[in-house]
Amino acid sequence: MADVLSQSQIDALLKSMQNGEPEKETKVVEQKAKTEAEETKYSRYDFYSPRKFTKEKMKILTSVFENYARILTSQVNGIFRVMTDITVMEVQERRYYEYVNAFHENDCMTLIDATVQGKGKNNVPLMMYVTPGLVITLINHMLGGGDEIVKVEPEYRYSDVEVALYRRVVEYFSSALKDGFSNYINVAFDVQRIEENPSMVQEIGLDETVAIIHLNVDVSGLAVEKIRICMPGTLLEFIFHVIDSRKHIARGFSYEDNKEIIMDNIRYSQLPLTGQLGTVELELNDIYHLKVGDVIDLNKPKNSSVKLYVGRQPWFIGQMGIYKKNIAVRISGRTYESQEEDGTEGAALEQADSNVQNEQAAI
């Protein structure tokens, strides 16, 4: 037999059902608040080691490497015939130990020297790490392999031949850095050496400030590789100092007198010098029927002066002659001086005519 509920039991059941709905709603609201709190994560700021570079400096660095990523994408796609899409994931100011601690024992890191034109080479090199999967894929295409993507383990150890080819690959990567910085500074990057145990590299202190740049490399949509670049703080200070000094010069706040240097550069510049005997216009039919021995009349006497042009402007007037069995022109004056003399003579004649007219009027 089925259980028959009393009226009191039915009322209690309905009350419990009505009280249960708001409890569920409150639980849903609490869960949403927890998920929102978990999603908003803030980076911790270490007050014991404050930031060295302002947000403006980091924006400049981000702009540099965004430009570098675009240039490197086109170069890799053209040289290695691999469809890649390289983008900047993040540019952050960190400590050097955070960059070193991410390496495995068998990784290879490239040390790259930075040389600023007119300032010399900086003592602290730039450091670059490329994941083995990207390197082996590019080497495979370099040696004539197919379009397949080579996947290797992160702890992959390069052979001696692969290390030599690895250096060739990173040379392309480092040369593109110059184009990335070209909007701000003229700096050249050259591969110094390849370090096969990067965790033991002590070029700078572990607590020194560095900028770590993470580049994401999407290879044909089938694999995702990484490029990590570390720029030491001393190198960044050197580059930013040069950029700032050039900004002041561009705004007119140059504190150096470079007049003599500019004049020296202009003084020894080479310009074409041509002599013109005269000009004549001929019809195309006459030019077509010209033969050896024909004479063209320049409508000038043989002893007339010759104009000397510097570039396309007439500068000097001279006389044709011979110097050491070679045809030469002796400069007799400058064109603007002759024009001034002609102008003064014309003014004197006009003044004389006006004087004669005044005398006649007086009589």
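Overview of the structure. All figures in this text were calculated on a predicted structure; none of them were measured in a lab.

## What to know about the environment of Lys119
Examined against the element boundaries, Lys119 turns out to sit in the loop between β2 (109–116) and β3 (120–121). Judged by its relative accessible area of 53%, Lys119 is exposed.

## Concerning the nonpolar core
Counting 58 residues, the largest nonpolar core has Phe65, Tyr68, Phe173, Ile227, Ile229 and Met231 as the members making the most contacts within it. Looking at this core element by element, the count peaks at 10 residues for helix α2 (residues 55–79). With sequence-adjacent residues up to four places away left out, Ile227 is seen in contact with Leu72, Met128, Tyr129, Val130, Leu134, Phe173, Ile213, His214, Leu215 and Val217.

## Topic: the side chain of Glu225
Following the sequence through the fold, Glu225 ends up in strand β7 (residues 223–232). We note that Glu225 is buried and unpaired, the nearest opposite charge coming from Lys226 at a distance of 7.3 Å. A polar contact is formed between the side chain of Glu225 and the side chain of Thr131, at a distance of 2.7 Å. Excluding anything up to four places from it in sequence, Glu225 contacts Thr131, Gly133, Leu134, Leu215, Asn216, Val217 and Val219.

## With respect to the packing of aromatic side chains
Working definition: an aromatic ring pair is given by the centre-to-centre distance plus the angle between the planes. Across all of its chains, the model carries 11 aromatic pairs by this definition. Here Phe65 and Tyr68 contribute two aromatic rings whose centre-to-centre distance is 6.0 Å and whose plane-to-plane angle is 85°, an arrangement assigned as edge-to-face. Of this pair, Phe65 and Tyr68 are both found in helix α2, three residues apart, which corresponds to roughly one turn of the helix. Neither residue differs from the other here; Phe65 and Tyr68 are each classed as buried.

Each value, and the rule that gives it
- Residues numbered from 1 in each chain as written.
- Predicted model: local features only at pLDDT ≥ 70, side-chain atom pairs only at ≥ 80, totals over all residues.
- Heavy atoms only, no water.
- Helix = DSSP H or I, 4+ residues; strand = E, 2+ residues; numbered from the N terminus.
- Buried < 20%, exposed > 50% of the residue type's maximum accessible area, 1.4 Å probe, protein only.
- Core = buried A, V, L, I, M, F, W, Y, C linked by side-chain atoms within 4.5 Å.
- Contact = heavy atoms within 4.5 Å.
- Lys, Arg positive; Asp, Glu negative; His and termini not counted.
- Salt bridge = Lys/Arg side-chain N within 4 Å of Asp/Glu carboxyl O.
- Polar contact = N/O pair within 3.5 Å; in protein donor to acceptor, adjacent residues only side chain to side chain.
- Phe/Tyr/Trp six-rings, centres within 6.5 Å; stacked < 30°, edge-to-face > 60°.

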